[in-house]
Amino acid sequence: MTISTVGIIGAGTMGNGIAQACAVSGINVVMVDISDAAVEKGLATITGSLDRLIKKEKITEADKAAALARIKGSTRYEDLKPAQMVIEAATENHELKVKILKQLDDMLDSDVIIATNTSSISITQLAAVTKRADKFIGMHFFNPVPMMTLVELILGLQTADTTHARVKDLAERLGKTPITVKNAPGFVVNRILIPMINEAFFVLAEGLATPEDIDAGMKLGCNHPIGPLALADMVGLDVCLAVMEVYLTEFGDSKYRPCPLLREMVAAGRLGRKTGRGVYTY
């Protein structure tokens, strides 16, 4: 059965981005958040994003109107009933996600697929709190969702092949390129990316090069659009540290030890762009 309506829990950065991607691709969306203000903010973000696409001549005013008409904002889970699939895109908090998933599981018809946009929490563990573990999957979009083409499809131990096939088809209809990943901490992209950022901090701490030269080296030598230290500032040094600590705990391998300089900068409150100072000053 083709997925024609998608429910989304969360109207924040990831939720409204997923909603936009779906609506632009002709899929109806029900976007739910806890307050009218949060829903309105999400809708306003989508409108602004579509306006920028019009200025770049990527879409027309008619395209914008059609996309917005496909999105229904709501604070009521009951409005998710028409959806064949619901994507949970709430804050990256295990307890919150479990609470939401249990509510969805109790309310939705048994054939509805539930996906989570988590970037770090075990898909197998989250699936186990539902009564539809075979219809549960990780669907990890990347920020900004309307621009980034990659989607990681993460299979829990219980995920059925039919669930994977339907969600892969949806991702391709959104114009995304899905890759299929087994359940493990960090999945694929963050498993490689965050240790690379951590290693850049070791290089910086050892005084091998300046931050600017480290970033220039990776941009020009590896064709990365942004250097690892500048990217750490964008992601948040506290987030990078937390992910490395999860890897160290989960894998028990010393190669995932966080760089002491990264720890010290987080302790000093130098978290990156969000605090105005990290490796660089903003």
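Residues numbered from 1 in each chain as written. Predicted model: local features only at pLDDT ≥ 70, side-chain atom pairs only at ≥ 80, totals over all residues. Heavy atoms only, no water.

- Under an unreviewed UniProt entry, the name given to the protein is 3-hydroxybutyryl-CoA dehydrogenase, and the source organism is Pusillimonas minor.
- Reading the Sequence similarities (unreviewed entry) entry of the UniProt record for the protein gives the comment "Belongs to the 3-hydroxyacyl-CoA dehydrogenase family." (UniProt positions renumbered as here; feature names shortened; annotations may be inferred.)

**Details of the overall build of the protein**
Part 1: When its secondary structure is counted, the protein shows eleven helices and eight strands.
Part 2: Relative to the 2.2 N^0.38 estimate, which gives 19 Å for 282 residues, the radius of gyration of the protein is 20 Å and therefore close to what a compact globule would have.
Part 3: For the protein, the proportion of its 282 residues judged to be buried stands at 47%.
Part 4: In the protein, the proportion of contacts linking residues at least 24 apart, taken out of those at least 6 apart, comes to 65%. (Helix = DSSP H or I, 4+ residues; strand = E, 2+ residues; numbered from the N terminus. Rg over C-alpha atoms; globule rule 2.2 N^0.38 Å. Buried < 20%, exposed > 50% of the residue type's maximum accessible area, 1.4 Å probe, protein only. Contact = heavy atoms within 4.5 Å.)

**Things to note about the domain arrangement of the protein**
Part 1: Each domain of the protein was delimited in the assignment, giving domain 1 (5-182) and domain 2 (191-274).
Part 2: For domain 1 and domain 2, the distance between their C-alpha centroids amounts to 29 Å. (Domains from an automatic or database assignment.)

**Digging into the sheet that holds strand 1 (residues 5-9)**
Part 1: Strand order in this open sheet of eight strands is 3-2-1-4-5-6-7-8, and the pairing throughout is mixed. A strand with exactly one partner marks an edge of an open sheet, and here the two such strands are strand 3 (71-74) and strand 8 (177-182). With strand direction ignored, the average angle separating the axes of adjacent strands in the sheet is 25°.
Part 2: Relative to strand 8, strand 7 (residues 150-155) runs parallel, the two being bridged by six bridges. Paired with I154 across the bridge in strand 8 is V181. (Pairing = 2+ DSSP bridges. Axes fitted to C-alpha atoms, helices over the stretch in contact; angles between N-to-C directions.)

**Quick notes on the UniProt feature "binding site: NAD(+)" (unreviewed entry) in the protein**
Part 1: The residues that UniProt annotates with the feature "binding site: NAD(+)" (unreviewed entry) are G10, A11, G12, T13, M14, G15, D33, E92, K97, S119, N143 and K274. With the annotated positions falling across 265 residues, the maximum pairwise C-alpha distance of 24.4 Å shows that they are not confined to a single cluster.
Part 2: Residue position: E92 is located in the loop between strand 4 (85-88) and helix 4 (94-107).
Part 3: Residue classification places E92 among the partly exposed positions, given a relative accessible area of 36%.
Part 4: Contact partners of E92, with chain neighbours within four places excluded, come to K97, T118, S119, S120 and I121.
Part 5: Within the structure, E92 has its side chain in polar contact with the side chain of T118 (distance 2.7 Å). (Polar contact = N/O pair within 3.5 Å; in protein donor to acceptor, adjacent residues only side chain to side chain.)

**What to know about the pattern of salt bridges**
Part 1: One pass over the full model with this rule turns up twelve salt bridges.
Part 2: With a shortest N-O distance of 3.8 Å, K72 and D79 are connected by a salt bridge.
Part 3: K72 sits in the partly exposed class, given a relative accessible area of 43%.
Part 4: Between D79 and R76 there is a salt bridge, with its nearest N and O atoms 2.9 Å apart.
Part 5: On the basis of relative accessibility, which here comes to 43%, the residue R76 falls in the partly exposed class.
Part 6: The network of salt bridges with common partners includes D105, D106, K131 and R132. (Salt bridge = Lys/Arg side-chain N within 4 Å of Asp/Glu carboxyl O.)

**Focus: helix 8 (residues 211-222)**
Part 1: Across its twelve residues, helix 8 extends 16 Å between first and last C-alpha, which sits within 8% of the 16 Å expected from 1.5 Å per residue.
Part 2: For helix 8, every residue scored as buried is listed here: P211, I214 and D215. In a view along the axis of helix 8, the buried residues occupy a sector of 95°, so they form one face of it. Exposed and facing more than 90 degrees away from the buried side of helix 8 are L220 and G221.
Part 3: Looking one or two places after helix 8, you find N223, whose phi comes out positive at around 60°. (Expected span 1.5 Å × (residues − 1). Arc of directions from axis to C-beta.)

**Here we look at the side chain of S122**
Part 1: Tracing the sequence through the fold places S122 in the loop between strand 5 (113-116) and helix 5 (123-128).
Part 2: Side-chain polar atoms of S122 contact the backbone nitrogen of T124, separated by 3.3 Å.

**Observations regarding the UniProt feature "domain: 3-hydroxyacyl-CoA dehydrogenase C-terminal" (unreviewed entry) in the protein**
Part 1: Listed under "domain: 3-hydroxyacyl-CoA dehydrogenase C-terminal" (unreviewed entry) in the UniProt record, and renumbered for this structure, are residues 186-282.
Part 2: Secondary structure content for residues 186-282 is 62% helix and 0% strand, and the end C-alpha separation is 28 Å.

**Considerations on the nonpolar core**
Part 1: Within the largest apolar cluster, 35 residues are counted, with the highest numbers of intra-cluster contacts made by V6, I18, M85, I87, M139 and F141.
Part 2: Among all residues touching M139, those that are not within four sequence positions of it are M85, I87, A115, T116, N117, V151, E152, L153, I154, V167, L170 and A171. (Core = buried A, V, L, I, M, F, W, Y, C linked by side-chain atoms within 4.5 Å.)

**Structural notes on the packing of helix 8 against helix 9 (residues 228-235)**
Part 1: Taken N-terminus to C-terminus, the directions of helix 8 and helix 9 make an angle of 105°; their axes are 7 Å apart at the nearest point. When the interaxial angle is binned, helix 8 and helix 9 end up roughly perpendicular. Taking contact as the criterion, the partners of P211, I214, D215 and M218 in helix 8 are, on helix 9, P228, L229 and A230. (Parallel < 35°, antiparallel > 145°, perpendicular 65-115°, else oblique.)

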